[in-house]
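One letter stands for each residue in the lines below.
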Amino acid sequence: MTPRAPSPYASACHACAAEAGLDGLPPREHIASDPHWRLAHAFGTTLPGWLVLLPRRHVTAVHDLTDAEAATLGSWQVRVSRALRDVTGCAKTYVAQFAEAEGFAHVHFHIIPRMPDLASTQRGPRVFDHLTRPETEQVPPAQADALAKRLRARLDPGDE
C-alpha cells in the first residue's frame with residue numbers, strides 16, 4: 001500500500017487521524033482496504049460486527065465522492081455483507097450513512113449485521129440504540145480484533 005500524506009483534517013476528523021496512522025492501527029480499525037476505501041469495526045457499539053466503510057480521503061458528502069470511489073462502493077458493501085453473513089451468521093445487513101456527529105462528519109457507511117435473534121424492538125433504524133449503551137456493554141477491543149481477523153481472512157486478500 002502506498003503511504004499517504006497526512007490529511008490536514010486529521011486533528012478534527014477521527015477517520016483522517018486513523019488514516020494518518022494506518023500502519024499502526026489494530027486489526028479492528030483496518031480490516032481491509034484498497035486505494036479508495038478502508039473497512040473498520042465501529043467502536044462504541046454493543047453489536048459485534050458493526051462495521052464502517054470509510055473513504056481514505058476526507059469527504060463530507062456522498063456527492064463529493066470521485067467516480068473511482070463511487071465505482072467500487074457498491075461492490076464493497078455487497079462483499080462486506082457476504083463476509084458478515086459468513087462470519088457472524090447474520091440474517092441480513094443494514095447499510096446506513098449519516099456522517100453528522102462531531103468529529104465524524106467524514107462520510108462513512110455503517111454496515112450492520114442484523115442477527116436472526118435481534119429483538120424486533122431493535123430492528124431497522126432502532127438498531128442505532130446499540131451505539132448509545134454504556135461502555136461496560138460495548139464490544140471489547142479484543143473481541144473486535146478477533147472478529148476483524150476472521151473478516152479479513154474471509155474477504156479477498158487482493159483487497160489489501
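Scroll up to find the structure.
Residues numbered from 1 in each chain as written. Predicted model: local features only at pLDDT ≥ 70, side-chain atom pairs only at ≥ 80, totals over all residues. Heavy atoms only, no water.

**Examining the packing of aromatic side chains**
Phase 1 of the analysis: One pass over the structure, following the stated rule, counts four aromatic pairs.
Phase 2 of the analysis: Aromatic pair W50 and F128: ring centres 5.2 Å apart, planes at 85°, arrangement edge-to-face. Taken together, the residues span a long stretch of sequence, with W50 in the loop between β2 (37–41) and β3 (51–55) and F128 in the loop between β5 (109–114) and α3 (141–154) at a distance of 78 residues.
Phase 3 of the analysis: Lying across the ring of W76, R79 places its NZ or CZ 5.0 Å from the centre. (Phe/Tyr/Trp six-rings, centres within 6.5 Å; stacked < 30°, edge-to-face > 60°. Helix = DSSP H or I, 4+ residues; strand = E, 2+ residues; numbered from the N terminus. Lys NZ or Arg CZ within 6 Å of the ring centre and 35° of its normal.)

**Remarks on the state of the cysteines**
As used in these notes, a disulfide is a covalent bond between sulfur atoms, one from each of two cysteines.
Phase 1 of the analysis: Counted according to the given criterion, the structure contains zero disulfides.
Phase 2 of the analysis: With no disulfide partner, C16 has as its closest neighbouring cysteine sulfur the one in C13, 3.7 Å distant.
Phase 3 of the analysis: The exposure class of C16 is buried, given its relative accessible area of 3%. (Disulfide = S-S within 2.5 Å. Buried < 20%, exposed > 50% of the residue type's maximum accessible area, 1.4 Å probe, protein only.)

**Observations concerning the sheet that holds β5**
Pairing between the strands of a sheet comes from backbone hydrogen bonds, and it takes one of two forms, parallel or antiparallel.
Phase 1 of the analysis: Within the open sheet, the five strands sit side by side as β1-β2-β3-β5-β4. Their pairing is antiparallel. At either margin of the open sheet sits one strand with a lone partner, and together these are β1 (32–33) and β4 (92–97).
Phase 2 of the analysis: Bridge count between β4 and β5: six bridges; the pairing is antiparallel. Note that in β5 the partner of K92 across the bridge is R114.
Phase 3 of the analysis: Sitting on the sheet, helix α2 (residues 67–88) is in contact with β1, β2, β3, β4 and β5, with an inclination near 25° to β5. (Pairing = 2+ DSSP bridges. Contact = heavy atoms within 4.5 Å. Axes fitted to C-alpha atoms, helices over the stretch in contact; angles between N-to-C directions.)

**Quick notes on α3**
Structural remark: α-helix, 3.6 residues per turn; residues separated by three or four positions point the same way.
Phase 1 of the analysis: Between the first and last C-alpha of α3 there are 20 Å, a value that for 14 residues agrees with the 20 Å anticipated at 1.5 Å per step.
Phase 2 of the analysis: Within α3, burial applies to A144, D145, L147, A148 and L151. Along the long axis of α3, the arc covered by the buried residues comes to 170°, so they all point the same way. More than 90 degrees from the buried face of α3, the exposed residues found are A142, K149 and A153.
Phase 3 of the analysis: Buried residues along α3 sit in contact with β2, β3 and α2. (Expected span 1.5 Å × (residues − 1). Arc of directions from axis to C-beta.)

**Overview of the pattern of salt bridges**
Phase 1 of the analysis: Taken as a whole, this structure holds seven salt bridges when the rule is applied.
Phase 2 of the analysis: The partner of R85 in a salt bridge is D86, and the shortest N-O contact between them spans 3.2 Å.
Phase 3 of the analysis: By relative accessible area, which is 45% here, R85 ends up partly exposed.
Phase 4 of the analysis: Among the ionic pairs, D86 bridges to R154, the shortest N-O distance being 2.5 Å. Note that D86 is positioned in helix α2 and R154 in helix α3, a separation of 68 residues in sequence. (Salt bridge = Lys/Arg side-chain N within 4 Å of Asp/Glu carboxyl O.)

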